[in-house]
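Coordinates in review
Below, each chain spelled out in residue letters.
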Amino acid sequence: MAILEAENICKTFGRTDVLKSIDLSLEKGQVLSVIGSSGSGKTTLLRCLNFLERPDKGVIRVNGETLFDAEDPSGLSEAAIRRKRLHFGLVFQSFNLFPQYTAMENVMLARKLLAAEQPDFKTRKKEILGEIEEQAKKLLDQMGLTNRRDNYPHQLSGGQCQRVAIARALALQPDILCFDEPTSALDPELTGEVLKVIKELADQNMTMIIVTHEMSFARDVADHVIFMDDGVIVEQGDPREVFGSPKEERTRQFLLRY
Amino acid sequence: MSLILEQMPVVIGALNTGFLQTLKLFLVTLLGAFPLGLVIAFGSMSAFRPLSLVTKLVVWVVRGTPLMIQLLIIYYFPGLVLDNPIWGGGEAGRFLAASTAFIINYACYFSEIYRGGIQGVPAGQEEAGLVLGMTKSQIFWRVKLLQMIKRIVPPMSNEIITLVKDTALARIIALQEIIFAGQSFLKGSHGISGAIWPLFFTAFYYLVFNGVLTLLLGQLEKKLDYFR
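What this report covers is the structure whose coordinates are included nearby.

Criteria and thresholds
Residues numbered from 1 in each chain as written. Chains lettered and ligands numbered in written order. Predicted model: local features only at pLDDT ≥ 70, side-chain atom pairs only at ≥ 80, totals over all residues. Heavy atoms only, no water. Helix = DSSP H or I, 4+ residues; strand = E, 2+ residues; numbered from the N terminus. Rg over C-alpha atoms; globule rule 2.2 N^0.38 Å. Buried < 20%, exposed > 50% of the residue type's maximum accessible area, 1.4 Å probe, protein only. Contact = heavy atoms within 4.5 Å. Buried area = accessible area lost by both parts, 1.4 Å probe. Salt bridge = Lys/Arg side-chain N within 4 Å of Asp/Glu carboxyl O. Polar contact = N/O pair within 3.5 Å; in protein donor to acceptor, adjacent residues only side chain to side chain. Nonpolar A, V, L, I, M, F, W, Y, C, P; charged D, E, K, R; others polar. Pairing = 2+ DSSP bridges. Axes fitted to C-alpha atoms, helices over the stretch in contact; angles between N-to-C directions. 1 Å grid on protein atoms, 1.4 Å probe; cavity = no way out; pocket = protein on both sides within 12 Å on 5 of 7 lines; lining within 4 Å. Points joined across faces, edges and corners; volume = space filled by probe spheres on them. Patch = residues over 30% accessible without salt bridge, like charges linked within 9 Å, V, L, I, M, F, W, Y side chains within 5 Å. Areas by Shrake-Rupley, 256 points an atom, 1.4 Å probe, with all protein chains shown as cover.

Looking only at helices and strands, chain B has eight helices and zero strands in total. Secondary structure elements of chain B, listed N to C terminal, follow the sequence α-α-α-α-α-α-α-α. A compact globule built from 228 residues would reach a C-alpha radius of gyration of about 17 Å, whereas chain B, at 22 Å, exceeds it by more than 25%. Overall, chain B is about 75 × 50 × 25 Å in size when its C-alpha atoms are taken along their principal axes. Buried residues in chain B amount to 44% of all 228 residues. Considering only contacts within chain B whose residues lie at least 6 apart along the sequence, 76% involve residues at least 24 apart.

Between chain B and chain A, the contact holds 20 residues from the first and 26 residues from the second. Between chain B and chain A the total buried area reaches about 2,200 Å² when both faces are included, carbon and sulfur atoms providing 61% of it. Broken down residue by residue, the surface that chain B buries against chain A is led by Val131, Leu132 and Arg142 of chain B, which jointly contribute 30%. In this assembly, chain B and chain A are joined by one salt bridge. Here Glu127 of chain B ties to Arg47 of chain A by a salt bridge, and the two come within 2.8 Å at their closest N and O atoms. Taken together, the connections running from chain B to chain A amount to 10 residue pairs in polar contact (both at pLDDT 80 or more). When residues of the side of chain B that touches chain A are traced back to their parent elements, those giving at least two are α5 (123-131) and α6 (136-166) of chain B. Tallying contributions element by element places α5 of chain B first for the side of chain B that touches chain A, with seven residues. When grouped by side-chain class, the residues that make up the side of chain B that touches chain A number nine nonpolar, seven polar and four charged.

Residue and element names in this part refer to chain A. Strand order across the open sheet formed by six strands is β6-β7-β8-β3-β9-β10, with mixed pairing between neighbours. Every interior strand has two partners, whereas the edge strands, β6 (88-91) and β10 (232-237), have only one. Across the sheet, the axes of successive neighbouring strands diverge by a mean angle of 20 degrees, strand direction being ignored. By the bridge criterion, four bridges tie strand β3 (residues 31-35) to strand β8 (residues 208-211) in an arrangement that is parallel. Bridged to Leu32 within β8 is Ile209. Against the sheet, helix α6 (residues 188-203) contacts β3, β7 (176-180) and β8, and its axis sits at roughly 150 degrees relative to β8.

This part is about the pattern of salt bridges. Residues and elements named next belong to chain A. Taken as a whole and assessed by the stated rule, the structure comprises 23 salt bridges over all chains. As a salt-bridge pair, Lys137 and Glu133 come within 3.6 Å of each other at their nearest N and O atoms. Taken together, the residues Lys137 and Glu133, both in helix α4 (residues 125-142) and four residues apart, mark about one turn of the helix. Taking relative accessible area as the criterion, Glu133 reaches 35% and is therefore assigned partly exposed. Of the charged contacts, one joins Arg163 and Glu193 as a salt bridge, the two residues approaching to 2.8 Å between their closest N and O atoms. Here Arg163, found in helix α5 (residues 158-171), pairs with Glu193, found in helix α6; they are 30 residues apart in sequence, far enough to count as distant. Beyond isolated ion pairs, a larger network of salt bridges with shared partners links Asp120, Arg124, Glu127 and Glu131.

Here the focus is empty space enclosed by the protein. For the structure on display, the rule yields one cavity of 30 Å³ or more. Around the largest cavity, the lining residues are Leu86, Phe88, Gly89, Leu90, Ala169, Leu172 and Pro174 of chain A together with Val131 and Leu132 of chain B. Of all the elements, β6 of chain A adds the most residues to the lining of the largest cavity, at three residues. Looking at the lining of the largest cavity, its residues break down into eight nonpolar, one polar and no charged.

Our next topic: the sheet that holds strand β4 (residues 57-62) of chain A. Residues and elements named next belong to chain A. Across the sheet, four strands lie side by side as β2-β1-β4-β5; this open sheet has antiparallel pairing. Lying at the two open borders of the sheet, with one neighbouring strand each, are β2 (16-27) and β5 (65-69). Strand-to-strand twist across the sheet, computed as the mean angle between neighbouring axes with direction ignored, equals 15 degrees. Bridge count for strand β1 (residues 2-13) against β4 is five bridges, and the pairing is antiparallel. Across the sheet, Ala6 pairs through a bridge with Ile60, a residue of β4.

Residues and elements named next belong to chain B. A cluster of nonpolar residues, Ile69, Ile73, Tyr76, Phe77, Leu80, Val81 and Leu82, forms a patch on the protein surface that exposes about 710 Å² of accessible area. With respect to the secondary-structure elements, Phe77 resides in helix α3 (residues 67-80). Phe77 gets classed as partly exposed once you look at its relative accessible area, which sits at 40%.

Moving on to the side chain of Gln147 of chain B. For Gln147 of chain B, the location among the structural elements is in helix α6. A distance of 2.9 Å separates a polar atom in the side chain of Gln147 of chain B from a polar atom in the side chain of Gln125 of chain B. Residues in contact with Gln147 of chain B, not counting those within four places in the same chain, are Pro99 and Gln100 of chain A together with Val121, Pro122, Gln125 and Phe227 of chain B.

Laid out in structure tokens, this is it:
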């Protein structure tokens, strides 16, 4: 069964149709790359999945559970959306780390806040906080940031910041981790270190949706590629086919620029 | 010279009394204007258009006219026009009127500083908090507040230093603050008249007080320097 199913997602900003009936589905452990020029709706699609935008139409299901149905606005209270969001993680183009917290604190903050809501938090406080700290250390180790735990974001390079942001998203153990152009704000020499950790996550069968302009990376890491243009999915399929022998003229034109 | 030394205890005593009134007006203004400014800031940022328009109009009028005129109007208007001298006579009434005028005036300035601080935090901070499952109030208290304070401290410091000197304006409604006290020895008081030197002392009080404030505010700014 597909871990994620989105049907007929439509989103309009003012008079602009940003998403025009997007359908997609994703299997557990798969990596989906979304490519397309700026303004094609890729980022809006990710934002809809993460409840940062509300689609005007459509249904979103994760593990068979309907998280969002535009026809049925019940269950969209702030508390309900909060819980549903946790199925997804999102890594931003501009990192959006919290500047007043160290790398460790950035990774731990959300989990600590969630843990404090558990009924047994008071009795097991020490144990729970210990677990959270252990997990954060492990994640930063995994990101190659063992020596950077106590640094503040402004003391880190862009690539290091983005790796902290990835650790922060992973801390909540999302079912699906989304990346919104994770290397677009980085100097070329720093993109490699971020792509490397994403590749490692793919090797560990993390389910991911990656919006990216790094074509060779998309081709290399993805199980499935979607090419979007003007709010629609123009072409999708196996990366070798989409990149190797695109069927649509628009895809061909787009790929020629890379 | 020996005359000055002789007069010194009297003058210092009077200046201390005046400075206490200055200090009281300063503290009461801050205490009132800090929260009122926040209310005005939220009013001017409200999505409800009429509220934000009215708030912006008030801020425009208050910032666009001299504090001295506001003081005079607030002090005299109830008694002269409404036949209802709500402030009462005496020093206590003048202090109440002065505090009211200062709080309203400074709250309007503070509101603009707050607004800048609140809107200066990038939208990405809130979005990052949301996708991490935080509530809006958690995001405000745990993520945004400190970033706002960091942005607010430098412009706020300027306003606070200005307020110290602005308290002198309350002299226009005869509030007996420190300049009133210093100047009285020019006109004649406690058997001393034609003495200019108490005014230099008066200036010195301001200088020392502002020096202390500058140090404290500078330290606060430095404390928040650990992040960017």
